[in-house]
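Structural overview
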Amino acid sequence: MSTGGSPPTDPEAVVVGCSAGGLNAMKVILAQLPAGFPGAVIVTFHIAPGRSHMRDLLAAQCRLPVLDAEDKLPVQGGRVYLSCPDYHLLVEDDRTLSLSIDEKVCNVRPSIDLLFESAAVAYRRRLVGLILTGANQDGARGLQRVRAEGGWGVVQDPADAEVATMPRAAIELAGADEVLPLAQIAGRLAELFGCRETGA
Amino acid sequence: MDDIELKNIETEVFLDAVKRRFGYDFSGYARASIRRRVDALRLARGCERVAELIPWVLQEEKALDIVLSSLSVPVTEMFRDPEVFAYLRTEVIPKIASQPRIRIWQAGSATGEEAYSLSILMLEAGLHERTQIYATDINDRALARARDAIYPLDRMRLYAENYRRAGGTASFADYYTARYGGGMLRQDVRENVYFSHHNLVSDGSFNEFQLIICRNVLIYLDTTFQDRVLQLIRNSLTEGGFLCLGTKESMRISKHNSAFQAVHLPSRIYQYRPRLAGAVS
C-alpha cells in the first residue's frame, strides 16, 4: 500500500481519527507513547454529546498531558488534544486550534476529515495522519488530503481493528504509507518523531 | 509557490473584493473555517478556482445575498445545550424580571431557533407581554426563514427532548402546529421576536439590553474581531446585564474579560460589571 515516499524528516504533529472502538485503541497508544514524545497529538473522536469524561479516562495512563481542545489554544508539542462532542476541531496555519459548529460532514460532528484537511494545509509534509478503528468512512478523504500534501499516512490494520470499516475505507480511498497492528503504532510514532526511548 | 499558497491568495483577494464592493469584512474570521466556506461557494457556482468568483462579486449586485448566506453558519437548534437554557430559566430570567421593559438581544440568530426558545422561556415565566427579543444576523435568507418560524417536523422530536431537558414541563407539541410541510410555531411564541439584519463586526449598538445571547459567534472570529464584538456587547448591555456565550467560548484572553464577572461558567453566563472591575473600555 506504500507509495514509495519517505517518512517526514521533522514531523510536528500527528492527527488521529477514531470512532467505534476508538477509546480502547487510544488507551493502548497513549499508554505506550514515551514521556519525551515531541510531537503534538490531535485526536478527533466521534462521541455522543454529553459524554465528555474521555480526557480523564485517557490521561490516567498517558505520560503526556491530555487536554480538551479549546478554541484558539496554541498547539504545543508533547501534548495530546482531544476533540469535544458536537464541535468540529480544526488546526489553523498559525498552529492554534479552532472549533466550529459548521454543518455535519458525512453525518458527523466532529469530522475527522475536517481536522485532517485543515492540518494538512497547516503542516504539509510535517504531519502524520493516523486512522484507527471505526464504523464509518470518515477520515478517508482527510487522509487522502494529508498524503496529497506530503504528509505520512498510517492506518490501523483492518484485520486488527475492533471495527474494520473506517481503516478499510481509508486504505481504499487514500492508500497508506504504513498499515500496522495497534500494538505497533505507538512505537512507530516514536520512531517517526525521533524518540529513542519507548514507553511500553 | 505551491497550490495551497495560491488558493489562499485567491481566497484573500476574493474576501477583499467582497469587503470593497459590499462593505462586509471577513478579514478577521478564523481562516480554516472561512476557507472551507469560500470553497463550498466556489463549488456551488461551478467554478474551477476561487479567483473566478471575483468578477462575479464585482459585477453582480445580487451576489451579496448569496455570499452572505454562504459565508455565515446557519446551524442551530431549539434549546441547543439544554442545561444553558435551564440556567437561564431558573437563575437569569428571575433576575431581570423586575424590569418594566425587558429587552433581550440574540446576536447571530441564523434561522431563529434560539430566539424562539427564549420566547418560550419568557412566555412560561409570565413575562412575555413585557419582553422584546431582538434577533439579528447578516444572513438575509436565514432571517427570512426565521420570520417564517416553520421548522422540519423531523427536528421537532429533538427540540422536544431539548426543551424537556431545559426544564420545560408543558407539552412541547402545543407550541407548534403542522403546517406547510413543517411545524409552525404558535402565534404567541412568534410575537415580540423581531428579526433584523445587523453585522456584529461593523454595525453599532442599537439599544440597551438586560440579556445578550451571542453563542458560537466568537469561535469564528480572530481575537481582534472578538474584541470588537465584545466592545459592541458592552456598549449594548445595561450595567448588571447578562451575557451568554457558547459553551466552548471564552473571554479569558480578551481585554474585556475584567469588565465581566462569570456567573455560571459551564453555561458561559457572565454579568457586566464595568465599575466593579475598574476596567478600561
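Our subject is the structure that appears above.
Residues numbered from 1 in each chain as written. Chains lettered and ligands numbered in written order. Predicted model: local features only at pLDDT ≥ 70, side-chain atom pairs only at ≥ 80, totals over all residues.

Notes on the sheet that holds strand 8 (residues 152-156) of chain A
Residue and element names in this part refer to chain A. Reading across the sheet, the seven strands line up as 3-4-2-1-7-8-9 and stay open at both edges, with parallel pairing between neighbours. Bordering the open sheet on either side are strand 3 (66-68) and strand 9 (178-180), each of which pairs with just one other strand. Averaged over all neighbouring strand pairs, the angle between strand axes comes to 20°, with direction disregarded. Relative to strand 8, strand 7 (residues 127-131) is paired through four bridges, and the arrangement is parallel. Across the sheet, the residue bridging to I131 is V155, located in strand 8. Across the sheet, helix 4 (residues 140-148) is in contact with strand 1 (13-18), strand 7 and strand 8; its angle to strand 7 comes to roughly 155°. Helix 6 (residues 182-192) contacts strand 1, strand 7, strand 8 and strand 9 of the sheet and is inclined by roughly 160° relative to strand 8. (Pairing = 2+ DSSP bridges. Helix = DSSP H or I, 4+ residues; strand = E, 2+ residues; numbered from the N terminus. Axes fitted to C-alpha atoms, helices over the stretch in contact; angles between N-to-C directions. Contact = placed C-beta atoms within 7 Å.)

Describing the interface of chain A and chain B
Each side of the interface is counted separately: chain A has 16 residues, and chain B has 13 residues. In terms of residue count, the dominant contributor to the side of chain A that touches chain B is strand 6 (residues 97-100) of chain A (three residues).

Some words on helix 3 (residues 112-123) of chain A
Given 3.6 residues per helical turn, the α-helix brings residues three or four places apart onto the same face. Residue and element names in this part refer to chain A. Here helix 3 spans 16 Å end to end across 12 residues, near enough to the 16 Å set by a 1.5 Å rise per residue. Across the 12 residues of helix 3, 12 count as buried, placing the element largely inside the fold. Just downstream of helix 3 lies R124, where phi reads positive at about 50°. (Expected span 1.5 Å × (residues − 1). Buried ≥ 20, exposed ≤ 12 C-beta atoms within 10 Å, placed from the backbone.)

Examining the sheet that holds strand 9 (residues 260-264) of chain B
Hydrogen bonds along the backbone pair up the strands of a sheet, which may run parallel or antiparallel. Residues and elements named next belong to chain B. In spatial order, the strands read 6-2-1-7-8-10-9; together these seven strands make up an open sheet with mixed pairing. Edge strands, defined here as strands with exactly one partner in the open sheet, are strand 6 (193-197) and strand 9. Each adjacent strand pair in this sheet contributes to an overall mean axis angle of 20°, direction not counted. Pairing analysis gives six bridges linking strand 1 (residues 102-107) to strand 2 (residues 131-137), with the strands arranged parallel. Of the residues in strand 2, the one forming a bridge with Q106 is A135.

What about the environment of I34(B)?
All names here are of chain B. Tracing the sequence through the fold places I34 in helix 2 (residues 31-44). Linking I34 and P74, residues 40 residues apart in sequence, is a C-alpha distance of 14 Å. Apart from the residues lying within four places of it in its own chain, the contact partners of I34 are F26, Y29 and L71.

Details of unusual backbone geometry
Residue and element names in this part refer to chain A. For the peptide bond that leads from R109 to P110, omega is 5°, which places it in the cis range. As for its placement among the helices and strands, P110 is situated in the loop between strand 6 and helix 3. The phi dihedral of R95 falls on the positive side, at around 60°, and the residue is not glycine. Its 17 C-beta neighbours within 10 Å are what place R95 among the partly exposed residues. If you check the backbone angles, N107 has positive phi at about 70° while not being a glycine. Along the chain, N107 falls in the loop between strand 6 and helix 3. Given 8 C-beta atoms within 10 Å, N107 falls into the exposed group.

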